[in-house]
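Read off the chains here:
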Amino acid sequence: MLTNRTFLVYVALMTAVVVASNFLVQYPLPGSIAGMQLGDLLTWGAFSYPIAFLVTDLTNRQFGPQIARKVVIAGFAVAILLSVLIATPRIAIASGSAFLLGQFLDISVFNRLRAQSWWRAPLIGSLFGSFLDTAIFFSFAFASFFVFFGPNDPFALENAPILGVMTAEAPRWISWALGDLGVKILVGLTMLLPYGALMSIIKPMPALKASARA
């Protein structure tokens, strides 16, 4: 049975992930790999943000999609507040939209796959959510088409070698999106470890078990 205390724990975890990600996004990665300057592609926030999918999936596993959506909405409110305080309105719109829609897609996919192999629902749900989150954030934030959200960033729109090393060129925000998505996929795979370890502790409510068997 869901208690206020349990719900608040999940909300606190989601809030912590959002706050940490908004803080860490200010710090680019140092160094380079294969000629790629990591600081041009990634910030430390790319590593912390995917943990939000773990929190959502654990909530969904234990209490189902309705409660998981409430936890996401709480995280969404924090994301919007922080973005308004530390970023431009366009970034706030991009960040909030990407977070909300990406997490909701994860919840929907997870719920459809919850009766299959234990790893399918969290992995496929987080991958779908990550793709949508990345596509929405970087296009809303930087693509010239979405200028009605706010002024374009000329540096983001300048052509540069894709990922800094390829011969083909594209607007810089494309490379930022690809780098961000690559990290989300990597972290999503890694998050299967804590998810699997917590399965014996965080168990579905009886009603969810019955619906999964139906």
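Residues numbered from 1 in each chain as written. Predicted model: local features only at pLDDT ≥ 70, side-chain atom pairs only at ≥ 80, totals over all residues. Heavy atoms only, no water.

**Observations concerning the confidence of the model for the protein**
This is how the line gets drawn: Each residue carries a pLDDT score, the predictor's confidence in it, ranging from 0 to 100. Think of it this way: any DSSP run of H or I at least four residues long counts as a helix, any run of E at least two long counts as a strand, and we number them from the N terminus.
With 93% of its residues at a pLDDT of at least 70, the protein reaches an overall mean of 87. Helix α6 (residues 120-142) holds the highest mean pLDDT among the elements of the protein, 95, whereas helix α10 (residues 206-213) holds the lowest, 58.

**Considerations on the packing of helix α4 (residues 65-86) against helix α5 (residues 89-113)**
Here is the rule: Interaxial angle, 0 to 180 degrees, is taken between N-to-C directions of lines fitted to C-alpha atoms, where a helix line uses only the stretch in contact. Orientation labels follow simple angle bins: below 35 degrees gives roughly parallel, above 145 gives roughly antiparallel, 65 to 115 gives roughly perpendicular, and whatever is left gives oblique. A crossing counts as left-handed when the near helix is turned anticlockwise from the far one by less than a right angle, and as right-handed when that turn is clockwise. Contacts between residues were defined by any pair of non-hydrogen atoms, one from each residue, lying within 4.5 Å. When residues are grouped by polarity, Ala, Val, Leu, Ile, Met, Phe, Trp, Tyr, Cys and Pro land in nonpolar, Asp, Glu, Lys and Arg in charged, and all others, Gly among them, in polar.
Running from N to C, α4 and α5 cross one another at 165°; their axes reach a closest spacing of 9 Å. Considering the angle they form, α4 stands roughly antiparallel to α5. In this structure, α4 meets α5 at a crossing whose hand is right-handed. Residue-level contacts link Pro65, Ala68, Arg69, Val72, Ile73, Gly75, Phe76, Ile80, Ser83 and Val84 of α4 to Ala92, Ser95, Gly96, Phe99, Leu100, Gln103, Phe104, Ile107 and Asn111 of α5. For the contact of α4 with α5, a count of residues per class yields 12 nonpolar, 6 polar and 1 charged.

**Re the nonpolar core**
Applied cut-off: Grouping buried Ala, Val, Leu, Ile, Met, Phe, Trp, Tyr and Cys residues that are joined through side-chain atoms within 4.5 Å yields what is termed a nonpolar core. Under the scheme applied here, a residue whose accessible area is under 20% of the maximum for its type counts as buried, over 50% as exposed, and between as partly exposed, the area being computed with a 1.4 Å probe on protein chains only.
Counting 38 residues, the largest nonpolar core has Tyr10, Met14, Val18, Leu42, Leu58 and Phe99 as its most contacted members. Every element with two or more residues in this core is listed here: α1 (4-24), α3 (51-63), α4, α5 and α8 (172-190). Per-element accounting of this core gives the leading share, 7 residues, to α4. Ignoring any residue separated from it by four or fewer positions in sequence, one finds Leu58 in contact with Tyr10, Tyr195, Leu198 and Ile202.

**Quick look at the UniProt feature "transmembrane region" (unreviewed entry) in the protein**
The condition that has to hold: UniProt positions are given in the numbering used here, feature names are shortened, and annotations may be inferred rather than shown by experiment.
With numbering aligned to this structure, UniProt lists the feature "transmembrane region" (unreviewed entry) at residues 7-29, 41-59, 71-87, 93-111, 123-149 and 181-202. Annotated as 74% helix and 0% strand, the span residues 123-149 places its first and last C-alpha atoms 32 Å apart. Secondary structure content for residues 181-202 is 77% helix and 0% strand, and the end C-alpha separation is 28 Å.

**Structural notes on the packing of α3 against α5**
Viewed as axis vectors pointing N to C, α3 and α5 meet at an angle of 40°, and their least axial separation amounts to 10 Å. Judged by the angle between their axes, α3 and α5 are oblique. Pair α3 / α5 crosses with right-handed handedness. For the pair α3 and α5, contact is made by Ala52, Phe53, Thr56, Asp57, Asn60 and Arg61 and by Phe99, Gly102, Gln103, Asp106, Ile107, Phe110 and Asn111, respectively. Of the residues belonging to the contact of α3 with α5, the class tally is 5 nonpolar, 5 polar and 3 charged.

**Things to note about the environment of Phe128**
Mapped onto the elements of the fold, Phe128 is located in helix α6. Residue contacts for Phe128: discarding those within four places in its chain leaves Leu105 and Val109.

**As for the side chain of Asp133**
Following the sequence through the fold, Asp133 ends up in helix α6. For Asp133, a relative accessible area of 5% corresponds to the buried category. Filtering out sequence-adjacent residues up to four positions away, Asp133 remains in contact with Tyr49, Ala98, Phe99, Gly102 and Lys184.

**A short note on the packing of aromatic side chains**
Filter applied, for reference: Pairing of aromatic rings covers Phe, Tyr and Trp, the last counted by its six-membered ring, and requires centre-to-centre distances within 6.5 Å; plane angles under 30 degrees mean stacked, over 60 mean edge-to-face, and any other angle means tilted. A ring is scored as having a charge over it whenever the NZ atom of a lysine or the CZ atom of an arginine sits within 6 Å of its centre and within 35 degrees of its normal.
In total, this model carries 18 aromatic pairs according to the counting rule given. Ring centres of Tyr49 and Phe99 lie 6.2 Å apart, and the angle between their planes is 70°; this geometry places the pair in the edge-to-face category. With Tyr49 in the loop between α2 (45-48) and α3 and Phe99 in helix α5, this residue pair connects regions lying 50 residues apart in the sequence. When sorted by exposure, Tyr49 lands in the same class as Phe99, which is buried. Between the aromatic rings of Phe140 and Phe146, the centroid separation amounts to 4.7 Å while the plane-to-plane angle is 50°, which identifies the pairing as tilted. Residues Phe140 and Phe146 agree in their burial class; the two are buried. In this structure, Arg172 is placed above the aromatic ring of Phe155, and the distance from its NZ or CZ to the ring centre is 4.0 Å.

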